[in-house]
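Next come the chains, spelled out residue by residue.
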Amino acid sequence: MNTSSLDSGRVHDAPSNNWVYRVLPRASWPYAQLARWDRPIGWQLLLWPCLWSAALAAATAASLGSFSPGRFLFHVVLFTVGAIAMRGAGCTYNDIVDHDIDMEVARTRSRPLPSGRVTRFQAKAFMVLQALVGLLVLLQFNGFTVFLGVVSLALVAIYPFAKRFTDWPQFFLGLAFSWGAIMGWSAEFGELSLAAVVLYGAAIAWTIGYDTIYAYQDREDDELIGVRSTARRFGDNPRPWLIGLYGLAVLLMLLAFVAAGAGFFAYAGLLVAAVMLGYQILVLNIHDPLQCLALFKFNSVVGLIVFAGLVLTLLVRLI
């Protein structure tokens, strides 16, 4: 165990100067760590497909004359709060399921459960509390979107176990993490469309790609304890796989934009994002854990660029 991390109350794999440690009382740190409040990258990556979908739907609504600025902003706020709450609940659930595994991995031994700073009962209670916040957010949407949100729980429940039975647990993460790509559209229209479904596929491919890069941090430990991942599956030559995954993500996003009749700025944003994805593949060094983490986090900027292009498309249609 990382004794210095345990003594400090901090976790080995999180920034030591995070706001959690400056603002929150020390007794609450283990719960903030369970929810990954000290690592906002997770909820950001969960949020971007939601916002892509919401912005694409809003631009379509603007072209149909049914756009409401207040509704769009309300949806953005709801998806943001929901992403933070449900990512926290999901991470807490994942830590409960992976308690024994985390004790065997150097990077995760200092987390609250394996280090003994919270009990399993406390973690479960905190998970339920976060899920209730997520439920309150979900109930603000139309009935069809509420239904979709409930269905997504099955995917969330399966994901932590995927690493035990498949080399592609990142695919199951993609199924769960990308669900917002259809919910943003359904929140606006109360139904799905081809554009939303194709956007969901794009987000899944993107998620598999960036989480594969993340998984290379743990590949050696995973091999020792028998945990499966795409990093282990792709081995020492992940570039052809990443080219395929990121290429598929860009292609499907392009098709989703075409299906929804997106404007110039949406395509411009996608082009910039494609270059950024290509850069990740070009510079990736799978033997450098710090670089893998940095490239993984870089995907939040990719998500922001795509969203910015869609918002600009919406603004142009409103002028």
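What you are looking at is a predicted structure, and each value in this text was computed from that prediction instead of being measured. (Residues numbered from 1 in each chain as written. Predicted model: local features only at pLDDT ≥ 70, side-chain atom pairs only at ≥ 80, totals over all residues. Heavy atoms only, no water.)

### Considerations on the overall build of the chain
Here is the rule: Numbering of helices and strands runs from the N terminus, with a helix taken as a DSSP run of H or I at least four residues long and a strand as a DSSP run of E at least two residues long. The reference for a compact globule is 2.2 Å times residues^0.38; the radius of gyration itself is calculated from the C-alpha atoms. Each residue gets one of three labels from its accessible area relative to the maximum for its type: buried under 20%, exposed over 50%, partly exposed in between, using a 1.4 Å probe on protein chains only. Residue contacts follow a heavy-atom distance rule, with two residues in contact if any of their heavy atoms lie within 4.5 Å. Accessible areas in this description were obtained via Shrake-Rupley with a 1.4 Å probe; residue shielding takes into account the shown protein chains only.
A count of helical and extended segments in the chain gives 17 helices and zero strands. The C-alpha radius of gyration computed for the chain amounts to 19 Å, which stays within 12% of the reference 20 Å derived for 319 residues, consistent with globular compactness. In terms of its C-alpha atoms, the chain occupies a principal-axis envelope of roughly 60 × 45 × 35 Å. Burial statistics for the chain: of 319 residues in total, 54% are counted as buried. When contacts within the chain are restricted to residue pairs at least 6 apart in sequence, those whose partners lie at least 24 apart make up 72%. Only carbon and sulfur atoms are counted for the fraction: they give 69% of the accessible area of the chain, which is about 13600 Å².

### Description of the environment of V156
Its location among the elements puts V156 in helix α9 (residues 143–162). Residues V156 and L270, spaced 114 residues apart in sequence, show a C-alpha to C-alpha distance of 28 Å. Contact partners of V156, with chain neighbours within four places excluded, come to Y93 and A176.

### What about the pattern of salt bridges?
To keep it simple, the criterion reads: Salt bridges are counted wherever a side-chain nitrogen of Lys or Arg sits within 4 Å of a carboxyl oxygen of Asp or Glu.
According to the stated counting rule, one finds eight salt bridges in the structure shown. For R71, the salt bridge is made with E188, and the minimal N-O distance between the two is 2.7 Å. Residue R71 is found in helix α5 (residues 69–97), and its partner E188 is found in helix α11 (residues 180–189); the two are separated by 117 residues along the sequence. Residue class for R71 comes out partly exposed when judged on its relative accessible area of 28%. What you see here is one network of salt bridges that share partners, running through R36, D95 and R111.

### Let's talk about the nonpolar core
Most often, soluble globular proteins have nonpolar side chains that are buried together. Quick reminder of the rule: Put simply, a nonpolar core is a bunch of buried Ala, Val, Leu, Ile, Met, Phe, Trp, Tyr and Cys residues held in one set by side-chain atoms that sit within 4.5 Å of each other.
Residues W52, L56, F72, F79, W206 and F257 are the most contacted members of the largest nonpolar core, which totals 83 residues. Take this core: its biggest share by element is 16 residues, from helix α4 (residues 41–64). Apart from residues lying up to four places away in sequence, F72 is in contact with A54, A55, A58, F67, F307 and L314. The next biggest cluster of nonpolar side chains, apart from the first, holds nine residues, and it includes A89, I96, L113 and F126.

### Things to note about helix α15 (residues 239–260)
Where we set the bar: What a helix should span is 1.5 Å times the count of its residues minus one. The arc refers to the directions leading from the helix axis to the C-beta atoms.
Taking 1.5 Å as the rise per residue, α15 with 22 residues should run 32 Å; its terminal C-alpha atoms sit 31 Å apart, in good agreement. Among all positions in α15, only L242, L245, Y246, A249, L252, M253, A256, F257 and A260 are buried. For α15, the arc enclosing every buried residue in end-on projection is 140 degrees, short of the 170-degree limit, so these residues lie on one face. For α15, exposure combined with an orientation more than 90 degrees from the buried face picks out I243 and V258.

### Regarding the packing of aromatic side chains
This is how it is decided: Paired rings are identified among Phe, Tyr and Trp, the last through its six-membered ring, by centres lying within 6.5 Å, and are further divided according to the angle between planes into stacked (under 30 degrees), edge-to-face (over 60) and tilted (the rest).
In total, this model carries 21 aromatic pairs according to the counting rule given. An angle of 40 degrees between the planes, with centres 5.0 Å apart, marks the rings of W52 and W206 as tilted. Of this pair, W52 sits in helix α4 while W206 sits in helix α12 (residues 194–215), placing them 154 residues apart in sequence. W206 shares its class with W52; the two are buried. Members of the aromatic cluster, each reached through a chain of ring pairs, are W52, W206, Y210, Y214 and F296.

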